[in-house]
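Results of the structural survey
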There are 2 protein chains.
Amino acid sequence: MEYNTPINSSLSVTLHQDDLCAVTTVAASHKFTSDRLWINGEEDESASSKTRFRACVDGVRKLATDRIDPNTQQVLVKKDEWSRMFIHVSSYNTFPTAAGLASSAAGYAALVFALAKLFGAIETFPGEFSTLARQGSGSACRSLYGGFVSWRMGGQKEDWSDSIAEQVASEDYWPEIRVLICVVSDTKKDTSSTSGMETSVATSSLLQHRAKNVVPERMQIIEHAIFNRDFETFGKITMMDSNQFHSTCLDTYPPIFYMNDVSKNIIKLVHAYNAWAGEVRAAYTFDAGPNAVLYTLDKYVVEIGALILEFFTPLADEYINNEEFLRQVMSFNLDTSLVTAVQNYIQKSKPGDIKKIYFTKSGPGPRHLGKERSLIDIQTGLNIFINEKSHS
Amino acid sequence: MEYNTPINSSLSVTLHQDDLCAVTTVAASHKFTSDRLWINGEEDESASSKTRFRACVDGVRKLATDRIDPNTQQVLVKKDEWSRMFIHVSSYNTFPTAAGLASSAAGYAALVFALAKLFGAIETFPGEFSTLARQGSGSACRSLYGGFVSWRMGGQKEDWSDSIAEQVASEDYWPEIRVLICVVSDTKKDTSSTSGMETSVATSSLLQHRAKNVVPERMQIIEHAIFNRDFETFGKITMMDSNQFHSTCLDTYPPIFYMNDVSKNIIKLVHAYNAWAGEVRAAYTFDAGPNAVLYTLDKYVVEIGALILEFFTPLADEYINNEEFLRQVMSFNLDTSLVTAVQNYIQKSKPGDIKKIYFTKSGPGPRHLGKERSLIDIQTGLNIFINEKSHS
């Protein structure tokens, strides 16, 4: 349980599965001759032996129970039998992989959830599944819950079993929250977030200070802001903390750059918008990549959407994932004083700098889908998902 | 003496005046009816009343002595008389102003040096002139000396008169040091370095930690590296500290960005070059702007110059300020394994991303030029410098 132990607590918002998610099927059989994994329709032959993957599979299997036929009440698989079967996994993301959009968080959370269903696994303490997802990808632990989720650092216990995720508030608690994800680049990033963080811990002299002396207080403030539905504070802490995370990346040796000039212009746009409004109406956060995640409230989301469209010219037809939102944004009349205010800080970007915008909101944790969504052929045990993009 | 007091000590390399400098003329006369200032050929009507400028002029004048004709030994101006005259100042830079190339440091150092000559000013303690230049622009205090110069933070004395510059080693001590300045942009920057630093002090929670817990040790290490002519350590500390300075800018709220994607690519090129060489052969530092200052040794400067040319295509004829260096760089055969190594990190930049390269080295402190270089007409007392660029 000691993989991916954090140096500070953290908080995230789980996004709605209707708009972005990982879809995962797991199957176990005595007929399988090895563990196999398909990601986005392609087999990853080395993955099943990797520490991260093994920690999840073996960890959940330890919590397995007998599988009982719900109709006949007969035992279909005895709990000891699971460890004598290999498993097949197929998973795909409905959004770009490894581009700083938390694809591995979604993927490992879905994997642990699916394995838990398959094995009928039962937690021995609350949050135990999250300690397993964490070992796949740190932030995956939070993605096991919906709404606003904290990852409690833990570390009091030697095996780090107290490093767990905990829901702070459900997605229904603050339903006005809206999220716009601006995809700046969907190419593979230079540095994976896990290896990047390891280099930062080893070389950044600011990181430890941040972890010990800055983050704990900010965690309290932002959880309080969520309880109070106080967007001003929620947004300000979100922005400051995103910037500070990227500061520690830059303070790493050699430095790590996740944000680029387009990211920077999105930041300037948000600050210009808030300054014009005289309040925090939008807040940005950047993960390990150049893409911006913008938080706002339903009453401002069309305005900020229109503002982005004004300064970041779309290139493709599928610029925005949601047709109704696109229609609203296109017909919105921006205040000319707002456009002027933003023009003082940024120039119109070149077409295609933002490739796509996902309009979404906070959503629930993992859900069990029906058999008709299965990605594995029940007869052959093989993947049946075909990645359309790889054929285009 | 309390303007521009630093939150940590710092070190800089004074560049050679043959390649980049500020040229300044000061004149005093009973006939003048106000203090007047021309910068790059244009009068700045508000400057003479500004605190920064006044601190320098009034500060140096307090140290004035009688002006004696060297031939006749007659007193030309009694020391009390200086305060009853207005002064005229004309100054220009041989490099872009306000683009993060320390134009104000050079300008204020030249101003204080020229005023001291005019007024026959005498320091009451070593480094007193640097405390005056510091009030014009913080880093100007270091530019009063040649070679490697430390700005001792001070602050033990209430009036900060102990916040002075001190030469660590002259330019002759380590003559192999070479400097390449890559001008990425010569447009005026968003944030002036003085106001940027004030916002950082007020809002960055990493800055105080850096100032108290990181910089003091690094100052010792880098001064030691200079004494030992240890480029590996000198370069590494230079890079780490540049990155950490920009980290605290990013940690400022709202964040300050001085570097852009071109700066970032220069950083990646330097790390790829050093990794390929298995040693630190080049080091970058970025001031309050996107331009890179690269330090290297004479034996590598042509190689790194050729490498920059390979990845950053020049646009104009005057790409490099030094014809002999340009010739050497153009005829240098880069190792193909080096080009491949860098290609793994950056793509060829678009032409013009680096606008100009200054090839230079460490040089002496301010010098007194002859009358034939005067920028003020001795008859009219008015500026005679014409900025050629403003006419093109």
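Residues numbered from 1 in each chain as written. Chains lettered and ligands numbered in written order. Predicted model: local features only at pLDDT ≥ 70, side-chain atom pairs only at ≥ 80, totals over all residues.

All right, on to the overall build of chain A then. The number of helices and strands found in chain A is 10 helices and 13 strands. The C-alpha radius of gyration of chain A comes to 22 Å, within 12% of the 21 Å expected for a compact globule of 392 residues. If you line up chain A on its principal axes, its C-alpha atoms span 70 × 45 × 40 Å. Buried positions account for 46% of the 392 residues belonging to chain A. (Helix = DSSP H or I, 4+ residues; strand = E, 2+ residues; numbered from the N terminus. Rg over C-alpha atoms; globule rule 2.2 N^0.38 Å. Buried ≥ 20, exposed ≤ 12 C-beta atoms within 10 Å, placed from the backbone.)

On to the sheet that holds strand 13 (residues 356-361) of chain A, then. Residue and element names in this part refer to chain A. One open sheet accounts for four strands, arranged 11-12-10-13; its pairing is antiparallel. Every other strand in the sheet has two partners, leaving strand 11 (282-286) and strand 13 as the edge strands with one partner each. Mean inter-strand twist for the sheet, computed between neighbouring axes without regard to direction, equals 25°. When strand 11 meets strand 12 (residues 292-297), the two strands line up antiparallel, connected through five bridges. (Pairing = 2+ DSSP bridges. Axes fitted to C-alpha atoms, helices over the stretch in contact; angles between N-to-C directions.)

Looking at chain A, the domain boundaries give domain 1 (10-171 + 365-391) and domain 2 (177-361). Each of domain 1 of chain A and domain 2 of chain A has a C-alpha centre, and the two are 29 Å apart. (Domains from an automatic or database assignment.)

A few words now on the sheet that holds strand 10 (residues 177-183) of chain B. Residue and element names in this part refer to chain B. Read from one edge to the other, the open sheet built from four strands follows the order 11-12-10-13, with strand pairing classed as antiparallel. Looking at strand neighbours, the two that pair on one side only are strand 11 (282-286) and strand 13 (356-361), the edges of this open sheet. Strand after strand, the sheet turns through a mean of 25° between neighbouring axes, direction not considered. With six bridges joining them, strand 10 and strand 13 adopt antiparallel strand pairing. Its bridge partner lying in strand 13, leucine 180 is registered against phenylalanine 359. In the packing of helix 8 (residues 301-311) onto the sheet, the strands contacted are strand 10, strand 11, strand 12 (292-297) and strand 13, and the crossing angle to strand 10 comes to about 15°. (Contact = placed C-beta atoms within 7 Å.)

To continue, consider the pairing of strand 1 (residues 10-13) of chain B. Residue and element names in this part refer to chain B. Across the two faces of strand 1 the burial is the same, with Ser10 and Ser12 and Leu11 and Val13 all buried. Of the strand pairs in this sheet, strand 1 and strand 8 (residues 148-151) are connected by four bridges, and their pairing is antiparallel. Among the inter-strand pairings, serine 10 is bridged to a residue of strand 8, identified as tryptophan 151.

To continue, consider helix 1 (residues 51-62) of chain A. Residue and element names in this part refer to chain A. With 12 residues, helix 1 ought to run about 16 Å at 1.5 Å a step, and its terminal C-alpha atoms sit 16 Å apart, in line with that. The complete set of buried residues in helix 1 reads Phe53, Ala55, Cys56, Val57, Gly59 and Val60. Packed against the buried residues of helix 1 are strand 3 (36-39), strand 7 (86-93), helix 2 (103-119) and helix 3 (128-136). (Expected span 1.5 Å × (residues − 1).)

Turning one copy of the chain about an axis and sliding it along that axis gives the other copy, so a rotation and a shift relate them. When chain B is fitted to chain A, the best match, at an RMSD of 0.0 Å, comes from turning it 180° and sliding it 0.0 Å along the axis. On this basis, the relationship between the two copies can be described by a two-fold rotation axis. Within chain B, the C-alpha atom positioned nearest to the axis of rotation is that of serine 247 of chain B, 2.1 Å from it. By residue overlap, the copies meet face to face through one surface: 100% of the interface positions of chain B are interface positions in chain A. (Least-squares fit on C-alpha atoms with pLDDT ≥ 70 in both.)

Contacts between the two partners involve 22 residues from chain B and, on the opposite side, 22 residues from chain A. Of all the secondary structure elements, the ones that give two or more residues to the side of chain B that touches chain A are helix 5 (207-227), helix 6 (231-250) and helix 7 (261-277) of chain B. It is helix 6 of chain B that contributes the most residues to the side of chain B that touches chain A, seven residues altogether. Across the side of chain B that touches chain A, the residue classes break down as nine nonpolar, nine polar and four charged. (Nonpolar A, V, L, I, M, F, W, Y, C, P; charged D, E, K, R; others polar.)

Most peptide bonds are trans, and most residues other than glycine sit at a negative phi. For the peptide bond that leads from tyrosine 253 of chain A to proline 254 of chain A, omega is -10°, which places it in the cis range. Tracing the sequence through the fold places proline 254 of chain A in the loop between helix 6 (231-250) and helix 7 (261-277).

Residues and elements named next belong to chain B. The geometry of helix 1 (residues 51-61) relative to helix 2 (residues 103-119) is characterised by a closest axis approach of 9 Å and an angle of 25° between their N-to-C directions. Considered as vectors, helix 1 and helix 2 are oriented roughly parallel to each other. Pair helix 1 / helix 2 crosses with right-handed handedness. On helix 2, the residues that touch Cys56, Val57, Val60 and Arg61 of helix 1 are Tyr108, Leu111, Val112, Leu115, Ala116 and Phe119. Looking at the contact of helix 1 with helix 2 residue by residue, the classes come out as nine nonpolar, no polar and one charged. (Parallel < 35°, antiparallel > 145°, perpendicular 65-115°, else oblique. Left-handed = near helix turned anticlockwise from the far one by under 90°.)

With that out of the way, let us pick up helix 3 (residues 128-136) of chain B. All names here are of chain B. Counting buried residues along helix 3, eight of its nine residues qualify, which places the element largely inside the surrounding structure. Listed as buried for helix 3 are Phe129, Ser130, Thr131, Leu132, Ala133, Arg134, Gln135 and Gly136. On its buried side, helix 3 packs onto helix 1, helix 2 and strand 9 (165-169).

As for its placement among the helices and strands, aspartate 287 of chain B is situated in the loop between strand 11 and strand 12. Once the C-alpha coordinates of aspartate 287 of chain B and histidine 246 of chain B are considered, the two residues, 41 residues apart in sequence, prove to be 8.6 Å apart.

On to the confidence of the model for chain A. Taken as a whole, chain A shows an average pLDDT of 93; of its residues, 95% reach a score of 70 or greater. Scored by ipTM, the complex comes to 0.90, with pTM at 0.92. (pLDDT = per-residue confidence, 0-100.)

What follows deals with the environment of alanine 110 of chain A. Residue and element names in this part refer to chain A. Tracing the chain through its elements places alanine 110 in helix 2. Taking C-alpha positions, alanine 110 is 8.5 Å from serine 91, a pair spaced 19 residues apart along the chain. Discounting chain neighbours no more than four positions away, the residues touching alanine 110 are Ala22, Thr24, Ser91 and Pro366.

Residues Val112, Leu115 and Leu294 of chain A together with Val112, Leu115 and Leu294 of chain B are the most contacted members of the largest nonpolar core, which totals 211 residues. Those residues in contact with leucine 294 of chain B that lie beyond four places of it in its chain are Val179, Leu180, Cys182, Val270, Ala282, Ala283, Tyr284 and Ile304 of chain B. (Core = buried A, V, L, I, M, F, W, Y, C linked by C-beta atoms within 7 Å.)

Once that is clear, we can look at the environment of cysteine 182 of chain B. Residues and elements named next belong to chain B. Its location among the elements puts cysteine 182 in strand 10. Using a count of 23 C-beta atoms within 10 Å as the deciding quantity, one classes cysteine 182 as buried. Remark: the alpha-carbon pair of cysteine 182 and isoleucine 354, spanning 172 residues in sequence, is separated by 6.2 Å.

All names here are of chain A. Residues Phe148 and Ser150 point to one face of strand 8 (residues 148-151) and Val149 and Trp151 to the other, with burial holding for every one of them. Of the strand pairs in this sheet, strand 8 and strand 9 (residues 165-169) are connected by four bridges, and their pairing is antiparallel. Residue pairing in the sheet places serine 150 in a bridge with glutamate 166 of strand 9.

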